[in-house]
Amino acid sequence: MKRKILLGLSLATVLTLGAGASLSQINRIDPQISPQLRPINLSKFMQAGKLSELRLVQQDKFNTLTDLDGKLFAAAPRTVAALGEKGEVLRRYSVSIDKLSISKHTADQLLLGDGARKILIGLNVASGQTTELLRLDAVTDPNASQEPESALLKSGELTAVASNGKEVFVAMEAGFSSAIFKIDLATKRIVSRGWAPGAEMDAMAFFQSGLYVLTGNGSQVARYTDTIEKTHDKIELPQAGAKGLALRDGEIHVLTDGVSRISKYQIDKALTNLNTTRLNVDVIRRVDVRIPKIDWSKLFVKHYAVLICGDLAENFAGECFWNDTVWMYKALLNNGYKPENIFVLYGDGADYASANAKYRHPSTVTDFPASPTWVNKVFDGLKNGDAANSLPKLDGNDTLFVWTFDHGGGGMNATLSLRGGSITDTDFSNKLNAIPYATRAIFMQQCRSGGFIDNLQNSKTFIATACRFDENARPADTEFETVGGRQYSHGEFNYHITSALDRVKPTGGAINADTNSDGKVSVREMSEWNRTHENLPENPQTNDGGPGNGFLFPK
């Protein structure tokens, strides 16, 4: 069983932990170290309670909703409507926008997003006049090296808008590269950015210094600060499929029941006051961790694996980053890998406490944070040996399995996002290629993952990626589980390759990817299973230098 020790603990703390104390007791043992630790589940899920429901008088097929100083406005293709207290249409505004998103802008003006032309327009609700405010292709980026990359303003799909009256927020959907940008209207410059809380963003609203985003197939509202920093707070709606987002003090209004009704939900007023909780999931770090020393000379297992996931469960609807990491870990165990030979770099170095038993494990899964520093350190350790971190020195008889998951960017010069930064395909491959091995297999879920192939391919390597170098990888569309009323999601690519290896779906249905009936699943069979079963707009790539059929798992 893998065990982790926190560096920097006092001797008394280590002795007490050794005597059976849990990590939750560290606060009482040594309060000086507690600020460095991330709790194993940061998310605060708050259930919204329904207050009332209003049936719309006219069936206009409205698909979004917003609030402008206490008045509700709904929109459908080419139409914006002011709504009355009984759900009737008080006034209509004709607009030449088919793919329309709306939000409050100023006291008398709505912000309209034209998804097809990627233009933001102001609609004066008194006069009915419209004014072009911004073309996304005119936006400049003073920090072009930052992620998410501003190229998404051109390549992504504009699905939602919001405004604080001076700056605007735009939601750009692009699979796992979906992102939110804050843009100053006066200078047309990006002032902040952040990864999206899910692959789809149905609506956004800016309210009392916070940005709220409807995601999770219309089942969850995630909260950001005004600089697009994630907070812990997530508001769960009683049912999925909601559209639009209108916030008032202690209330949320959304379109429900096939957008034929407006449902009003009650929430804690503290949720619309960022002064109550302003902690940012992305800036809380855990201290470095390591595994106790092991005498590798006494071990004869020669199959090793490195699993790398740079983001956190809390940062994406459905918790897919953790789900897919721990599922792949358990699948490798089921296929004969020893736990001490699987090195897991996840998030900030701490396991996530999933409410779903499928995504829990009796012992600790995570070994190290998934930062550029630790990726380099682990790869160097597998090349040279690193006794301090219990990393063995591989040799030319060993097999190596590598799996990666997070956001990605670039193109042929691709990047993998990690905690505290990203790593280029060149730097990643230089470190990984230096490790000795007999054969290796590499599976990559992140966007633009095909851009890594040219750096990693050789006669001893099998590579499978979720998409081409110029494509975004996608979350699974129909492949998810609902447990306790909550959806658990996956990457589309991850879902199929891990199901193939594990021989079973998360819901329990048997999988047989063993096409040659030899009793084992090869890495090529894993890749082929994904290729023949996924159905999203991404093109999985493979490069088999030779070991595709011969790279078999120990069991």
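In case you missed it, the structure is sitting above this.
All values reported here derive from a predicted model rather than from experimental measurement.

### Regarding the overall build of the protein
At step 1: Assigned secondary structure in the protein consists of nine helices and 34 strands.
At step 2: Per-residue burial over the protein gives 57% buried out of 555 residues.
At step 3: Relative to all contacts within the protein whose residues are 6 or more apart in sequence, the contacts with residues 24 or more apart total 64%.
At step 4: About 21,400 Å² of surface is accessible on the protein, with carbon and sulfur atoms providing 48% of the total.

### Points about the packing of helix α8 (residues 492–502) against helix α9 (residues 523–533)
At step 1: Here α8 crosses α9 at 130°, and the two axes come no closer than 8 Å. Overall, the two elements α8 and α9 adopt an arrangement that is oblique. The two elements α8 and α9 cross, and the hand of that crossing is right-handed. Facing Glu 492, Phe 493, His 496, Ile 497, Ala 500 and Leu 501 of α8, the residues of α9 in contact are Met 526, Trp 529, Asn 530 and His 533.

### Section: the sheet that holds strand β26 (residues 399–405)
At step 1: The sheet built from six strands is open, its strands ordered β25-β24-β26-β30-β31-β34 with mixed pairing. Both edges of this open sheet fall to β25 (342–346) and β34 (541–544), since each of them pairs with a single strand only. Neighbouring strand axes in the sheet, compared pairwise and without regard to direction, differ in orientation by 5° on average.
At step 2: Where strand β31 (residues 461–465) meets β34, four bridges bridge the pair, whose relative direction is antiparallel. Opposite Ala 464, over in β34, you have Thr 542 as the bridge partner.

### Digging into the packing of helix α4 (residues 320–334) against α8
At step 1: In the contact formed by α4 and α8, the axes pass within 9 Å of each other and the chain directions differ by 20°. In terms of axis orientation, α4 runs roughly parallel to α8. Considering how the two elements wind past one another, α4 and α8 form a crossing that is left-handed. Contacts between α4 and α8 involve Asp 324, Trp 327, Met 328, Ala 331, Leu 332 and Asn 334 on the former and, on the latter, Asn 494, Tyr 495, Ile 497, Thr 498, Ser 499, Leu 501 and Asp 502.
At step 2: For the contact of α4 with α8, a count of residues per class yields seven nonpolar, four polar and two charged.

### Details of the sheet that holds strand β29 (residues 421–424)
Hydrogen bonds between backbone atoms are what pair the strands of a sheet, whose relative direction is either parallel or antiparallel.
At step 1: One open sheet holds the three strands; their spatial order is β27-β28-β29, and the pairing between them is antiparallel. With one partner strand each, in any of the chains shown, β27 (408–410) and β29 form the two edges of the open sheet. Between one strand and the next, the sheet's axes are offset by a mean angle of 35°, whatever the strand orientation.
At step 2: Against the sheet, helix α5 (residues 372–384) engages β28 (414–418) and β29, with an angle of about 45° to β29.

### Overview of the nonpolar core
At step 1: Formed by 49 residues in total, the largest nonpolar core has its most connected members in Leu 307, Leu 332, Phe 401, Trp 403, Phe 443, Met 526 and Phe 553.
At step 2: For this core, the secondary structure elements donating two or more residues are β24 (303–309), α4, β25, β26, β30 (439–444), β31, α8 and α9.
At step 3: Considering each element in turn, this core owes the most residues, nine residues, to α4.
At step 4: Not counting residues within four places of it along the chain, the set of residues in contact with Leu 332 comprises Ala 305, Leu 307, Tyr 337, Ile 342, Phe 401, Leu 501 and Phe 553.

### Examining the pairing of strand β12 (residues 157–163)
At step 1: Among the seven residues in β12, six count as buried, and that is most of the element.
At step 2: Here β12 hands over to strand β13 (residues 167–173) after three residues, with Gly 165 in that stretch at a positive phi of 100°.

### Overview of the pattern of salt bridges
At step 1: Taken as a whole and judged by the stated rule, the model has 19 salt bridges.
At step 2: Put simply, Asp 98 and Arg 78 hold a salt bridge, and the shortest N to O gap is 2.9 Å. A residue pair is termed long-range when its members are at least 10 positions apart, and Asp 98 in the loop between β7 (89–94) and β8 (100–106) and Arg 78 in the loop between β5 (71–76) and β6 (79–83) qualify at 20 residues.
At step 3: What makes Arg 78 partly exposed here is its relative accessible area of 42%.
At step 4: The structure contains a network of salt bridges with shared partners spanning Lys 302, Asp 395 and Asp 398.

### Some remarks on the environment of Leu 120
At step 1: Within the fold, Leu 120 resides in strand β10 (residues 119–124).
At step 2: Separated by 19 residues in sequence, Leu 120 and Ser 101 place their C-alpha atoms 9.5 Å apart.
At step 3: Not counting residues within four places of it along the chain, the set of residues in contact with Leu 120 comprises Leu 111, Leu 112, Gly 113, Thr 131, Glu 132, Leu 133, Leu 134, Leu 158, Val 161, Val 168 and Val 170.

What counts as what
- Residues numbered from 1 in each chain as written.
- Predicted model: local features only at pLDDT ≥ 70, side-chain atom pairs only at ≥ 80, totals over all residues.
- Heavy atoms only, no water.
- Helix = DSSP H or I, 4+ residues; strand = E, 2+ residues; numbered from the N terminus.
- Buried < 20%, exposed > 50% of the residue type's maximum accessible area, 1.4 Å probe, protein only.
- Contact = heavy atoms within 4.5 Å.
- Areas by Shrake-Rupley, 256 points an atom, 1.4 Å probe, with all protein chains shown as cover.
- Axes fitted to C-alpha atoms, helices over the stretch in contact; angles between N-to-C directions.
- Parallel < 35°, antiparallel > 145°, perpendicular 65-115°, else oblique.
- Left-handed = near helix turned anticlockwise from the far one by under 90°.
- Pairing = 2+ DSSP bridges.
- Nonpolar A, V, L, I, M, F, W, Y, C, P; charged D, E, K, R; others polar.
- Core = buried A, V, L, I, M, F, W, Y, C linked by side-chain atoms within 4.5 Å.
- Salt bridge = Lys/Arg side-chain N within 4 Å of Asp/Glu carboxyl O.

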